[in-house]
Amino acid sequence: MSRRILIIEDEEAIADLERDYLELSGFSVKTSNDGADGLKEALRGEYDLIILDLMLPGVDGFEICKRVREVKDTPIILVSAKKDDIDKIRGLGLGADDYMTKPFSPSELVARVKAHVARYDRLISNEAEEDQEIEIRGLKINVAARRVWLNGEECSFTTKEFDLLTFLAGHPNHVYTKEDLFREIWGVECVGDAATVTVHIKKIREKIEYHTSHPQYIETIWGVGYRFKV
Ligand code: CA
């Protein structure tokens, strides 16, 4: 079965060009030329990857990326005409997997789409093997079900927060740099930096720590990174 790609792009000529190249490479492609419609499609449909333009009529790409990430893990490649947007994307920690500035070559786009689809496949198959439960001092994580309980009470996490928490808890007492963690959770070719990790650690702590300034689970090793204490 061919892999499904959603293109959300208001410039129809660009959307069509991207679709043609992707179809030639065997992908099945749907295009949407409007933000609101694109968001609906991204939330409703089952796609293997989303190519998302930032400047869109109706709902913009930042908002779409954020809304999709709240519920889905689908790889997202953000596309923008402005180089400056890359800083904004990093600062927001939107959870996009990659970023491209227009104009770009369609073959470069196809190469990145293939790489991200393959990376996502590996991620999914790793998760399928990790049918286990982690339990440390009142914190229980069911990896397969992607659920977390703190002293019996369930806590909800975004996809990346869960991945980060599970990775750290699955390798207790090991110190990881922010760069290590970024590579591990977001992937080598991802857009973003260590600041994204800091933001996510802060959010996780707010959910599982009694005192975020004196964390009992995820400890900050100053000048190095983080470790999960047992
Ligand atoms: Ca646009």
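Residues numbered from 1 in each chain as written. Predicted model: local features only at pLDDT ≥ 70, side-chain atom pairs only at ≥ 80, totals over all residues. Heavy atoms only, no water.

J.: Please give an account of the environment of E179 that cites residues and values.
T.: In this fold, E179 is placed in helix α7 (residues 178-186). Separated by 124 residues in the primary sequence, E179 and M55 have C-alpha atoms spaced 30 Å apart. (Helix = DSSP H or I, 4+ residues; strand = E, 2+ residues; numbered from the N terminus.)

J.: Can you lay out the coordination of the calcium ion for me, pointing to particular residues and giving the numbers?
T.: Note on the calcium ion: its protein donors are D10 (OD), D53 (OD) and M55 (O). The metal-donor distances range over 2.1 to 2.3 Å. All donors of the calcium ion come from a single chain, and their spacing in sequence reads D-x42-D-x1-M. With D10 in the loop between β1 (4-8) and α1 (12-24) and M55 in the loop between β3 (49-53) and α3 (61-71), this pair connects stretches of sequence that are 45 residues apart. The class for D10 is partly exposed, based on a relative accessible area of 30%. (Donors = N, O, S within 2.8 Å, 3.2 Å for Na, K, Ca; no water. Buried < 20%, exposed > 50% of the residue type's maximum accessible area, 1.4 Å probe, protein only.)

J.: Pulling in residues and values, what's your account of the sheet that holds strand β11 (residues 218-221)?
T.: With antiparallel pairing, the three strands of this open sheet are ordered in space as β10-β12-β11. Only two strands of the sheet have a single neighbouring strand rather than two, namely β10 (176-177) and β11. Pairing of β11 with strand β12 (residues 225-228), which is carried by four bridges, proceeds in the antiparallel orientation. Along β12, the bridge assignment pairs E219 with R227. Strands in contact with helix α6 (residues 159-170) are β10, β11 and β12; relative to β12, the strand with the most contacts, it is inclined by about 65°. (Pairing = 2+ DSSP bridges. Contact = heavy atoms within 4.5 Å. Axes fitted to C-alpha atoms, helices over the stretch in contact; angles between N-to-C directions.)

J.: Mind laying out the packing of α6 against α7, listing which residues take part and the relevant values?
T.: Direction vectors running N to C along α6 and α7 enclose 120°, while the axes themselves pass 10 Å from each other. Considering the angle they form, α6 stands oblique to α7. The handedness of the crossing between α6 and α7 comes out as right-handed. Residues K160, D163, L164, F167 and L168 of α6 pack against L181, E184, I185 and W186 of α7. Tallied by class, residues from the contact of α6 with α7 come to six nonpolar, no polar and three charged. (Parallel < 35°, antiparallel > 145°, perpendicular 65-115°, else oblique. Left-handed = near helix turned anticlockwise from the far one by under 90°. Nonpolar A, V, L, I, M, F, W, Y, C, P; charged D, E, K, R; others polar.)

J.: Any chance you could break down empty space enclosed by the protein for me, citing the residues and the numbers?
T.: Considering all chains together, one arrives at two cavities of 30 Å³ or more under this definition. Roughly 30 Å³ of internal volume is contained in the second largest cavity. The wall of the second largest cavity is formed by D73, D97, R119, Y120, L123 and K160. In terms of residue count, the dominant contributor to the lining of the second largest cavity is helix α5 (residues 106-129) (three residues). Split into classes, the residues belonging to the lining of the second largest cavity amount to two nonpolar, no polar and four charged. (1 Å grid on protein atoms, 1.4 Å probe; cavity = no way out; pocket = protein on both sides within 12 Å on 5 of 7 lines; lining within 4 Å. Points joined across faces, edges and corners; volume = space filled by probe spheres on them.)

J.: An account of the packing of helix α2 (residues 35-44) against α3 is needed here, citing residue identities and associated values.
T.: Packing of α2 against α3 leaves a shortest axis separation of 10 Å and a crossing angle of 15°. Classified by the angle between their axes, α2 and α3 sit roughly parallel to one another. Here the hand of the crossing between α2 and α3 comes out right-handed. Of α3, the residues touching α2 (which contributes G35, L39, A42 and L43) are I64, R67, V68 and V71. The residue inventory of the contact of α2 with α3, partitioned by class, reads six nonpolar, one polar and one charged.

J.: Mind laying out the pattern of salt bridges, listing which residues take part and the relevant values?
T.: Tallying each qualifying case throughout the model produces 20 salt bridges. Taking the shortest distance from any N to any O, the salt bridge between E161 and K207 comes out at 2.6 Å. Linking E161 in helix α6 with K207 in helix α8 (residues 194-208), this pair joins segments that are 46 residues apart in sequence. Judged by relative accessible area, E161 falls into the buried class, the value being 3%. For K207, a relative accessible area of 32% gives the class partly exposed. Where R227 meets E219, a salt bridge forms, and the shortest distance between an N and an O atom there is 2.7 Å. What makes R227 partly exposed here is its relative accessible area of 26%. Via salt bridges that share partners, E9, E11, D53 and K102 belong to a single interconnected network. (Salt bridge = Lys/Arg side-chain N within 4 Å of Asp/Glu carboxyl O.)

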